[in-house]
Amino acid sequence: MIQAVMVISTQAKPRLLKFYNFQPPEKHQDLVRSVFQLLSARPDSVSNFVKVDSIFGPGTKLVYKHLATLYFVFVFDSSENELAMLDLIQVFVETLDKCFKNVCELDIVFNFNKLHTILDEMILGGQVIETSSEQIMKSVEEIERLEKQSSTTSFIPKSITERFTR
């Protein structure tokens, strides 16, 4: 099971935190700090897989990808495959690239709702539900279309609005 998804900047600022098992909000910053200290101390030439028993509990692993100014981190237990998690990070980043046309940190900061929507289309309750970037994009576009449609829908009858717009 996936326990957490984090996107952390190289300045240790959390850009996305999603926990699939309960973590008290007071502990979030400590977890981010611990993960960042661990990742920032690692050279680029080492493996992207880390055992994090001391941070998240026994049997927990972390896989990460460092791209530009961001660390994309997935924390999971022994029931998940490490390479599948690395591939899932790649799908997540590819989907973000399709969505934002070459994603950068500012896209993530200013479009966090879309970021959460993409993640929710991929992972539900710590279980992977979709791995196709195209399918995820279709779902996100449909959600955006419905949101736009609902925001333009008026609950006031047209005959009444016409009287006041003349």
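For the structure, see preceding data.
No experiment lies behind these values; they were computed from the predicted model shown.

Trainee: It is not clear to me how the pairing of strand β1 (residues 2-9) should be interpreted in this structure. Could you clarify?
Mentor: Regular strands have side chains that alternate between both faces of the sheet. For β1, a buried count of eight out of eight residues is recorded, marking the element as mostly surrounded by other parts of the structure. The pairing of β1 with strand β5 (residues 70-76) spans seven bridges and is classified as antiparallel. The residue bridging Ile2 from the neighbouring strand is Phe76, located in β5. As paired elements, β1 and strand β2 (residues 14-19) share five bridges and run antiparallel to each other. Counterpart to Ile8 in the pairing with β2 is Pro14. Between β1 and β2, which pair antiparallel in sequence order, lie four residues; one of them, Ala12, sits at a positive phi of approximately 70°.

Trainee: Honestly, the nonpolar core in this entry has me stumped. Any pointers?
Mentor: The nonpolar side chains of a soluble globular protein tend to be buried with one another. Among the nonpolar cores identified, the biggest contains 29 residues, and Phe72, Phe74, Phe92 and Ile123 are the most heavily contacted of them. Residue assignment for this core shows that the elements contributing at least two residues are β1, β5, α3 (82-100), α5 (112-122) and α6 (133-152). Element by element, the count of residues in this core is highest for α3, at nine residues. Excluding residues that lie within four positions of it along the chain, Phe92 makes contacts with Val7, Leu16, Phe72, Phe74, Leu115, Ile118, Leu119 and Met122. In terms of nonpolar packing, the next biggest core, distinct from the first, is built from 18 residues, Ala4, Val35, Val50 and Tyr71 among them.

Trainee: Is there a simple way to explain helix α1 (residues 25-40) in this structure?
Mentor: A turn of α-helix holds 3.6 residues, and therefore any two residues three or four places apart point the same way. Between the first and last C-alpha of α1 there are 23 Å, a value that for 16 residues agrees with the 22 Å anticipated at 1.5 Å per step. All buried positions along α1 are accounted for by Leu31, Val32, Val35, Phe36 and Leu39. Seen from one end, α1 has its buried residues packed into an arc of 125°, which puts them on one side. Seen from the buried face of α1, the exposed residues on the opposite side, beyond 90 degrees, are Glu26 and Gln37. The elements touched by buried residues of α1 are β1, β2, α2 (53-56), β4 (61-67) and β5.

Basis of the calculations
Residues numbered from 1 in each chain as written. Predicted model: local features only at pLDDT ≥ 70, side-chain atom pairs only at ≥ 80, totals over all residues. Heavy atoms only, no water. Buried < 20%, exposed > 50% of the residue type's maximum accessible area, 1.4 Å probe, protein only. Helix = DSSP H or I, 4+ residues; strand = E, 2+ residues; numbered from the N terminus. Pairing = 2+ DSSP bridges. Core = buried A, V, L, I, M, F, W, Y, C linked by side-chain atoms within 4.5 Å. Contact = heavy atoms within 4.5 Å. Expected span 1.5 Å × (residues − 1). Arc of directions from axis to C-beta.

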